[in-house]
Amino acid sequence: MLRFIVKRFASALLVMFAISVLVFLIFFATPGVDPAARIAGRNADPATLAQVRHSFGLDRPMPIRYLLMMRHLLIDRDLESFVNRGSRVIPQIVQATPVTLSLVVGAALIWMTAGIVMGTAAAALRGRAADPLIMLVGVVGVSLPAYWLGEVVNLITQKQLHGSLFSWVPPPGYVGLGHPGQWALHLLFPWLTLALLYAGIYARLLRGEVVTALNEDYVRTARAKGLSERRILIRHALRCSLIPIVSLFGLDFGALVGGAALLTEVVFGLPGIGKLTFDALQNLDLPVIMGTVLYAAFFVVLANALVDILYARLDPRARHA
């Protein structure tokens, strides 16, 4: 198992290196892209452009530029924004990370719990009226866009019913973990909004996997041995059915931590990674964009590595694949 873990993380490092090279080439080596013109501003004369290129090392060979950029970003951590001079990239990412992690971790706990309960219940009650009803709830959750649902939630909790039922709901924004009660209150509805979308997806996927598992030979053998249906469902069918759920969770969690929760962050006024990336894209702030893209790639690659390790733990055959 240790050998598999080392091999998997070595592969992850190689992937991160390839992504960093690709991202650098896209943002700094694409024909027509001139960071110096962006830094110098509009109508800059050739002398000013040449001075800017020299100051930022943009006139050096491409491999040297890549190494300098990675050194300033990852080692010295003094890479500055091209738009807001003096504002460093890494502190901005560090400041935004706890916001996104707070949002995604809380929502993930809710959607995983709800998805597993709904999917298992629907599989256990297949053929009864409760089965399609549970799946209908899941379809409704998947069909509601996060930005629309967030706006509806804000309309109800902040305006229409704020003076009566939801007077305890604070205004949109983020409060740090130093105040746990306010932290949870500010994130409660963002958690529920984001979790509603994913809970339905996981419930539908898990139901199909559990129903398939209940028709396998090893389940028939367990029934022949006299095991109860509850034990068969939980200890046998559900355990084997969690493998694709774990794989999907790794992809979703990594993507959301990397900034895919942008719409939820914008609607609820959360200054997370998604919002930071969105603002950088609007201003074409290349260092910040590159930093957030590499940050997102890191979490996606890390999540995939951890999922593969957990997969190998659940199914030893995966270690030799």
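Up top is the structure.
All values reported here derive from a predicted model rather than from experimental measurement.

**Details of the overall build of the protein chain**
Turning to step 1, where the next piece is worked out: Of regular secondary structure, the protein chain possesses 13 helices and zero strands.
Turning to step 2, where the next piece is worked out: Walking the protein chain from its N terminus toward its C terminus, one meets helices and strands in the order α-α-α-α-α-α-α-α-α-α-α-α-α.
Turning to step 3, where the next piece is worked out: Its C-alpha atoms give the protein chain principal-axis dimensions of about 85 × 60 × 35 Å.
Turning to step 4, where the next piece is worked out: For the protein chain, the proportion of its 321 residues judged to be buried stands at 41%.
Turning to step 5, where the next piece is worked out: Here the analysis covers contacts within the protein chain between residues at least 6 apart in sequence; of these, 69% occur between residues at least 24 apart.
Turning to step 6, where the next piece is worked out: A total of about 17400 Å² of accessible surface is found on the protein chain, and carbon and sulfur atoms cover 65% of it.

**Concerning the pattern of salt bridges**
Turning to step 1, where the next piece is worked out: Applying the stated rule across the entire model yields three salt bridges.
Turning to step 2, where the next piece is worked out: In this structure, R71 engages D76 in a salt bridge whose closest nitrogen and oxygen atoms are separated by 3.0 Å.
Turning to step 3, where the next piece is worked out: Owing to a relative accessible area of 38%, R71 belongs among the partly exposed residues under this scheme.
Turning to step 4, where the next piece is worked out: Here R207 and D131 are joined by a salt bridge, their closest N and O atoms 2.7 Å apart. With R207 in helix 8 (residues 180-214) and D131 in helix 6 (residues 130-143), this residue pair connects regions lying 76 residues apart in the sequence.
Turning to step 5, where the next piece is worked out: D131 gets classed as buried once you look at its relative accessible area, which sits at 7%.

**Comments concerning the side chain of S102**
Turning to step 1, where the next piece is worked out: Looking at the element boundaries, S102 is found in helix 5 (residues 89-124).
Turning to step 2, where the next piece is worked out: One polar contact links S102 to Y174, side chain to side chain, over a distance of 3.3 Å.
Turning to step 3, where the next piece is worked out: With residues near it in sequence (within four places) discarded, S102 still touches Y174, W183, L187 and W191.

**Brief notes about the nonpolar core**
Turning to step 1, where the next piece is worked out: Grouped together as the largest cluster of nonpolar side chains are 63 residues, with contacts concentrated most on F28, L73, W111, V210 and M290.
Turning to step 2, where the next piece is worked out: When residues in this core are grouped by element, the largest group, 14 residues, is from helix 8.
Turning to step 3, where the next piece is worked out: Setting aside its immediate chain neighbours within four residues, W111 contacts V104, A195, Y198, A199, Y202, F249, D252 and L256.

**A closer look at the environment of R220**
Turning to step 1, where the next piece is worked out: With respect to the helices and strands, the residue R220 is situated in helix 9 (residues 217-224).
Turning to step 2, where the next piece is worked out: Counting along the chain gives 154 residues from R220 to Y66, while the straight-line C-alpha distance between them is 59 Å.
Turning to step 3, where the next piece is worked out: Only 2.9 Å separates the side chain of R220 from the backbone oxygen of N215, close enough to count as a polar contact.

**Thoughts on helix 1 (residues 2-28)**
Turning to step 1, where the next piece is worked out: Under the 1.5 Å per step criterion, the end-to-end length of helix 1 is 39 Å for 27 residues, consistent within 8% with the ideal 39 Å.
Turning to step 2, where the next piece is worked out: Listing the buried residues of helix 1 in full gives F4, R8, A12, M16, S20, V23, F24, F27 and F28.

**As for a nonpolar patch on the surface**
Turning to step 1, where the next piece is worked out: Together, L155, I156, L161 and L165 make up an exposed nonpolar region whose accessible area comes to about 320 Å².
Turning to step 2, where the next piece is worked out: Take L161: it is sitting in the loop between helix 7 (146-160) and helix 8.

**Let's talk about the packing of helix 5 against helix 12 (residues 273-283)**
Turning to step 1, where the next piece is worked out: Two elements in contact, helix 5 and helix 12, have axes separated by 7 Å at closest approach and are oriented at 135°. Taken together, the axis directions place helix 5 and helix 12 in an arrangement best described as oblique. Side by side, helix 5 and helix 12 meet where Q92, I93, A96, T97 and T100 of the first sit next to I273, G274 and L276 of the second.

**A few points about helix 8**
Turning to step 1, where the next piece is worked out: With 35 residues, helix 8 extends only 43 Å from end C-alpha to end C-alpha; this falls clearly short of the ideal 51 Å at 1.5 Å per step.
Turning to step 2, where the next piece is worked out: The sharpest bend along helix 8 comes to roughly 40°, located at L187, with the proline P190 sitting one to four residues further on.

**Some details on the side chain of Q92**
Turning to step 1, where the next piece is worked out: Within the fold, Q92 resides in helix 5.
Turning to step 2, where the next piece is worked out: Here S87 takes part through its side chain, which lies 2.9 Å from a polar atom of the side chain of Q92.
Turning to step 3, where the next piece is worked out: Those residues in contact with Q92 that lie beyond four places of it in its chain are S81, S87, L276 and V288.

**A look at the environment of A213**
Turning to step 1, where the next piece is worked out: Here A213 lies in helix 8.
Turning to step 2, where the next piece is worked out: A residue is classified by how much of its surface remains accessible, and A213, at 7% relative accessible area, is buried.
Turning to step 3, where the next piece is worked out: Taking the C-alpha atoms as reference points, A213 and P132, separated by 81 residues in sequence, lie 19 Å from one another.
Turning to step 4, where the next piece is worked out: In contact with A213, other than residues within four places in its own chain, are Y218, V219, A237 and S241.

What counts, and at which threshold
- Residues numbered from 1 in each chain as written.
- Predicted model: local features only at pLDDT ≥ 70, side-chain atom pairs only at ≥ 80, totals over all residues.
- Heavy atoms only, no water.
- Helix = DSSP H or I, 4+ residues; strand = E, 2+ residues; numbered from the N terminus.
- Buried < 20%, exposed > 50% of the residue type's maximum accessible area, 1.4 Å probe, protein only.
- Contact = heavy atoms within 4.5 Å.
- Areas by Shrake-Rupley, 256 points an atom, 1.4 Å probe, with all protein chains shown as cover.
- Salt bridge = Lys/Arg side-chain N within 4 Å of Asp/Glu carboxyl O.
- Polar contact = N/O pair within 3.5 Å; in protein donor to acceptor, adjacent residues only side chain to side chain.
- Core = buried A, V, L, I, M, F, W, Y, C linked by side-chain atoms within 4.5 Å.
- Expected span 1.5 Å × (residues − 1).
- Patch = residues over 30% accessible without salt bridge, like charges linked within 9 Å, V, L, I, M, F, W, Y side chains within 5 Å.
- Axes fitted to C-alpha atoms, helices over the stretch in contact; angles between N-to-C directions.
- Parallel < 35°, antiparallel > 145°, perpendicular 65-115°, else oblique.
- Bend = angle between axes of the 7 residues up to and from the residue.

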